[in-house]
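A structural walkthrough
This is what each chain is made of:
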Amino acid sequence: MRLRSGVFAASCLLVEVLGVALFLRGFFPVPVRSLPRREARGGFPAEPAPPGPGMVSNWTEIPPPLFKKVVIVLIDALRDDFVFGSKGEQFMPYTKQVIEKGTSYSFVAEAKPPTVTMPRIKALMTGSIPGFIDVIVNLNSPALLDDNLIWQAKTAGKRIIFYGDDTWVKLFPKHFVEYDGTTSFFVSDFTEVDDNVTRHLDRVLKREDWDLLILHYLGLDHIGHVTGPNSPLVGTKLREMDNILKKIHISLLSKEEASFPSLLVVCGDHGMSETGSHGGSSAGEVHTPLLFISSAFEKRSGPLTHPELVQQTDLASTLAVGLGLPISRNSVGNLILPVVGGKTMREQLRFVHLNGFQLSRLLQENTPAYEKDPGYEHFKIAEKSHANWIKLYLEGNNSEILLNLGKKVLKQYLEALRTLSSSLSKQVAQYDMYSMMVGTVIIMEVLLLLLLSIPKALSSRAEFEVPLSPPLFSLLFYLVCLMLCAVHVIVCTSSESLCYFCSVSWFTAVGVMMLISALMCGILSAIAKIFDNSRLPVKNPVLSSSSWSEIDVLILAGTVGHVLSLGASSFVEEEHQTWYFLINTLCLVLCQELCKNNFLLKEYDPQHSTTVKQNFGEASEYKNIDIPAADNSKLGKTTTSDEFSRGSDKWVSLASPWIILICCRLLRSLNQTGVQWAHRPDFGHWLTSSEHKSELSFLAAVSLLMIFFLVQRRCSLVSKIAMALGLLGVYSYRAAIGNVIFPWQHGSKDISKGITEARFVYIFVLGIVFSGTKDLLKSQVISSDSGTKSTGLREVYSGLVLLAALLFRPHNLPVLVFCLLIQTMMTKYIWRPLKFNAAQITVMHYWFGQAFFYFQGNSNGIATVDVSAGFVGLESYVEIPAIFLTAFATYAGPLLWAFHLLCYLSSEVSRYCEKHWKADKR
């Protein structure tokens, strides 16, 4: 059975999607879960029964609430050093005074990755640890169906008011008696998004018809995304938050009763990195302040110590106890004991027993061998000690022995809670290894099959033979299929944990096994055909003597090495180092090839002329091209023309790889990325500091001029004018939002959103892209002219460059300049003189595209995604444009190199057609 290359490629793509989907289903772990929410409110455990006949504890109900009103102020992206560090002393004096001398308890809450808003709200209100799949759901949050603090409070009849991020309204629909949600994705808004929350405060603080007030402020997070954590705007926003906290605290103190105090909780959902983003696991992103302020606490005295580290999930358990509610059944958090430290010993033991009982029950429902867990064993020991303590208490023993025994029991409970919480948290990282392995096998088989078929894949008329008839492979197919089915039965019957692939129907599972067997037979057939061809007599001496060049070896070794490196997490975190190494090595090999081409291959030997089949784009009729091949060099390698060998072009060509190496080294110094060295200072941080705005402005202006000169060479006159005006609009936009300044600008200028300037640029982007699209359609519909097609691609490429210049931050504009410069030098001085084939040029484009992804400052963590790019020129949040602009700004490097590949291949076809036409005319 034979398949055309297009059908074969499409089939491989579909199978690859299946393998990736199966791998991802196993990679995203199934979270720890208890009973559904509607069954969560059951009976409460009584105190441990004291030993001895006739003794029964009379406390079987949940303890009453400790606080009359609770106000939660969640400041988005509030880092711990913004409160406990120098910024807190300078910009939050009232909060700092309450921490040092007031009735408060302060902690540093550690958030687990991913550090984005929606998963962190889940963690705060449910006490569970969300998975990375919630990063995707964060864009459109569905209603939260798990047991959570908000649902428990509403079920208990408490009245809840919310103002702020509308993610809460989506997660908890119909739970608030009053709410006002604001969109969290429009990051260019620093003030209105918080003013819409604060405008309700004076009115709601005077009322008595609420029990829980939640305020979620977004301005600080938006400032971080746009300007970073060191911006002067951060201090202004912290001072605003300090005044709001002061107003709330004074209002609560003026209205509370001595016997029934109120509680003010100040926290952050996540922090921010040194670039102002979040989502990763750096210290600045995971450490947030957690403050409990109430007159019920003892006034702090003595020297201030560093705040204790707690888990963000501990807040749900602590607030549940404070409000007199059951702890959420899916919570893995521990009670923060100092919050209830003012209560009697019996009440404290009752609180930690309820927390331990909830954690042990959750462990039972998720772990088959729960009785052997150290946390469960410690809890049972603590329960027995608690029962003995209750016996002494009911007997009326009030001596010092009872107090010391209570402290001992409390310590045992806290140790059990920590161990239970740790055991449950580790289950979040338990992956479905069997599903991951099946998906990986499918992916690797398809990749190997594509690798073996690469020589045929470069031809549009290539066909691939699927081995269905040979009896050897038919027998092998059935043997492999039976073996895989046996493995599936063994794994699914012996596995203790739930496996997704074991839960699918047997019909589906057998189908996947047959697919794996068929792919294996195809691989063996391709390998056997390669060996058969190698034994055939040689008809062409040139083909037999040709060997792989250094470029071929580097491409193969680099690609395989990169794939293998992704098996280690450290190489994934620092993947940029792999690409930097590969492109540097590529430049050195290119330098060697150029030296060989210019100094060693001077004489042309006609006996080595051979006919090479090349296929560029759609000009499939021009496949037979006579190219002189040098002795002992790769097929298609040729000496350069006399014009190139003489004069300055020769030396510029020899210098090109070294110039590219220098450019890449400069780009590496611009943005630190990855994980281990991301915190180190770089040239980009120096440029973006407020003291160097003049230097940044000069660099941005020079970069925009360079972009114009590098892009406009092959554009039409109208596109050149549009490009010039568009780049001027880019600088005007950055000046409007305060990133750069004009030379004639003195003093401070009012900062705006730059809506008009950005839309001015968008008009020219669309105009240039439309002009290029018109030429592309003309080349396809009206006349099959490769020159018109090449011109159209260049026009569209110019429009994309202008769009990238608008979305890039000013300090990243040199990345765009060096991208265009390297593309120009590679095209004129390396690829054309050395006459690389389409496959080699495609791989080189891919390598440089990946390297420029990291030169932009990106990484494999979502914390480096520049969300602010998605709102350039938008007055409000519009989902589709925001997603498109953010994605384009993030992947601009790979996209521009991919589009340049199309332009280059099209121009080569156009040049060849023109040369062929002139030759025929002669």
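Because the structure is predicted, anything quoted here is derived from the model rather than measured. (Residues numbered from 1 in each chain as written. Predicted model: local features only at pLDDT ≥ 70, side-chain atom pairs only at ≥ 80, totals over all residues. Heavy atoms only, no water.)

A short note on the overall build of the chain
Rule in force here: For the purposes of this entry, the term helix denotes a DSSP run of H or I that reaches at least four residues, the term strand denotes a run of E that reaches at least two, and both are numbered from the N terminus. Only protein chains enter the accessibility calculation, which uses a 1.4 Å probe; a residue whose area is less than 20% of its type maximum is buried, one above 50% is exposed, and one in between is partly exposed. Between two residues, a contact is recorded if the distance between any of their heavy atoms is within 4.5 Å. Areas reported here follow the Shrake-Rupley algorithm with a probe of radius 1.4 Å; residue values treat only the protein chains shown as occluding.
The number of helices and strands found in the chain is 37 helices and 12 strands. Of all 922 residues assigned to the chain, the portion counted as buried reaches 52%. Long-range pairs, those at least 24 residues apart, make up 76% of the contacts in the chain between residues at least 6 apart in sequence. Here the chain displays about 43,000 Å² of accessible surface, and carbon together with sulfur accounts for 62% of that area.

Brief notes about the environment of Gly26
By secondary structure assignment, the location of Gly26 is in helix H1 (residues 5-27). By relative accessible area, Gly26 is classed as buried at 1%. Sequence spacing of Gly26 and Asp432 is 406 residues, and the spatial spacing of their C-alpha atoms is 4.4 Å. Beyond its immediate chain neighbours, meaning those up to four positions away, Gly26 contacts Tyr431, Asp432, Ser435 and Met436.

Notes on the side chain of Ser697
As a reminder of what qualifies: Think of a polar contact as two N or O atoms within 3.5 Å of one another; within protein, one of them needs to be a possible hydrogen donor and the other a possible acceptor, and neighboring residues in sequence only count if both atoms come from side chains.
Along the polypeptide, Ser697 turns up in helix H30 (residues 693-711). For Ser697, a relative accessible area of 5% puts it in the buried group. A distance of 2.9 Å separates the side chain of Ser697 from the backbone nitrogen of Ile741, its partner in a polar contact.

Side note on the packing of helix H28 (residues 648-670) against helix H35 (residues 838-855)
Quick note on the threshold: Angles run from 0 to 180 degrees between N-to-C directions of axes, and those axes are lines fitted to C-alpha atoms, restricted for helices to the stretch in contact. In this scheme the crossing of two helices becomes right-handed for a clockwise turn of the near helix relative to the far one and left-handed for an anticlockwise turn of less than a right angle.
Look at H28 against H35: their axes get within 9 Å of each other, and the N-to-C directions meet at 35°. The handedness of the crossing between H28 and H35 comes out as left-handed. Contacts from Ile660, Cys664, Leu667 and Arg668 in H28 reach Phe848, Phe852 and Phe855 in H35.

Quick look at helix H11 (residues 219-227)
With respect to burial, H11 is a largely interior element, 7 of its 9 residues being buried. Taken as a whole, H11 has its buried residues at Gly219, Leu220, Asp221, His222, Ile223, Gly224 and His225. Looking at the residues trailing H11, positive phi occurs at Gly228, about 95°.

Details of the pairing of strand S7 (residues 263-267)
Selection criterion: Only when DSSP finds a minimum of two bridges between them are two strands counted as paired.
Of all 5 residues in S7, 5 are buried; the element is thus mostly enclosed. Alternating residues of S7 divide into Leu263, Val265 and Cys267 and Leu264 and Val266, and every residue in both groups is buried. Both strand S2 (residues 70-75) and S7 contribute to a ladder of 5 bridges, which runs parallel. Bridged to Val70 within S7 is Leu263. Note: S7 against strand S8 (residues 287-293), 4 bridges, orientation antiparallel. Considered in S8, the bridge of Val265 is made with Phe292.

Overview of a nonpolar patch on the surface
This is how the line gets drawn: Patch members must show over 30% relative accessible area and no salt bridge, and they are joined within 9 Å when carrying like charges or within 5 Å when they are nonpolar side chains of Val, Leu, Ile, Met, Phe, Trp or Tyr. A pairing counts as a salt bridge when a side-chain nitrogen of Lys or Arg comes within 4 Å of a carboxyl oxygen of Asp or Glu.
Taken together, Val20, Leu24, Phe27, Tyr431 and Met433 make up a surface patch of nonpolar side chains, about 420 Å² in accessible area. Here the element with the most residues in the nonpolar patch is H1; it accounts for 3 residues. Along the chain, the position of Leu24 falls in helix H1.

A closer look at the pattern of salt bridges
In the structure shown here, the tally under the stated rule is 17 salt bridges. The salt bridge partner of Arg203 is Glu178, with a shortest N-O separation of 3.2 Å. Pair noted here: Arg203 is in helix H10 (residues 201-206) and Glu178 is in strand S5 (residues 178-182), with a separation of 25 residues, a long-range link. Note on Arg203: relative accessible area 39%, which makes it partly exposed. Ionic pairing is found between Arg207 and Asp209, a salt bridge with its closest N-O pair at 3.0 Å. One network of salt bridges, in which partners are shared, links Glu178, Arg203, Arg207 and Asp209.

Some thoughts on the packing of aromatic side chains
Where two aromatic rings form a pair, the distance of their centres and the angle of their planes describe that pair. As a reminder of what qualifies: Here the aromatic set is Phe, Tyr and Trp, taking the six-membered ring for Trp, and pairing holds for ring centres within 6.5 Å; pairs whose planes are under 30 degrees apart are stacked, those over 60 apart are edge-to-face, and all others are tilted.
Applying the stated rule across the entire model yields 26 aromatic pairs. Note on Phe760 and Phe764: the rings are 4.8 Å apart at their centroids and 80° apart in plane angle, and the pair reads as edge-to-face. Of the two residues, Phe760 and Phe764 are both situated in helix H32 (residues 755-782); the distance of 4 residues between them amounts to about one turn of the helix. Residue class for Phe760 comes out partly exposed when judged on its relative accessible area of 37%. Consider the rings of Tyr797 and Phe899, whose centres lie 6.4 Å apart with planes at 15°: the pair is stacked. Of this pair, Tyr797 sits in helix H33 (residues 786-807) while Phe899 is found in helix H37 (residues 892-921), placing the two residues 102 residues apart along the sequence.

Examining empty space enclosed by the protein
Counted only if it meets this: Cavity means a closed set of points on a 1 Å grid over the protein atoms alone, one where a 1.4 Å probe fits but cannot get out, pocket means an open set with protein on both sides within 12 Å along at least 5 of 7 lines, and lining means a residue has an atom within 4 Å of a point. Grid points are joined across faces, edges and corners, and a volume is the space filled by probe spheres set on the points. Residue polarity follows a fixed list, in which Ala, Val, Leu, Ile, Met, Phe, Trp, Tyr, Cys and Pro are nonpolar, Asp, Glu, Lys and Arg are charged, and the others, Gly among them, are polar.
Per the stated rule, a full pass over the model turns up 8 cavities of 30 Å³ or more. By volume, the largest cavity is sized at about 90 Å³. If you trace the largest cavity, you find it lined by Lys68, Lys69, Leu205, Arg207, Glu208, Trp210, Ser251, Leu252, Lys255, Glu256 and Ser262. In terms of residues, the lining of the largest cavity owes the most to one element, helix H12 (residues 232-255), which gives 3 residues. Split into classes, the residues belonging to the lining of the largest cavity amount to 3 nonpolar, 2 polar and 6 charged.

Points about the state of the cysteines
What counts here: When two cysteine sulfur atoms are found within 2.5 Å, that pair is recorded as a disulfide.
Evaluation of the coordinates by the stated rule reveals 1 disulfide. Across the disulfide, Cys492 is cross-linked to Cys502 (sulfur-sulfur distance 2.1 Å). Where Cys492 bonds to Cys502 through sulfur, the torsion about that S-S bond is close to -85°, and the disulfide is left-handed. On the criterion of sequence distance, the pair formed by Cys492 in helix H20 (residues 471-494) and Cys502 in helix H21 (residues 500-503) is long-range, its members being 10 residues apart. Here Cys502 falls in the partly exposed class, since its relative accessible area comes to 23%. Left unpaired, Cys587 is separated from the closest cysteine sulfur, that of Cys664, by 5.5 Å. A disulfide-free cysteine, Cys903 has its sulfur positioned 9.9 Å from the sulfur of Cys715, the nearest such atom.

What about the pairing of strand S3 (residues 104-110)?
S3 sits mainly inside the fold: 5 of its 7 residues count as buried. Bridging between S3 and S8 involves 7 bridges; their strand directions are antiparallel. Within S8, the residue paired with Tyr105 across the bridge is Phe292. With 4 bridges joining them, S3 and strand S9 (residues 308-311) adopt parallel strand pairing. In the strand pairing of S9, Ala109 is matched with Val310.

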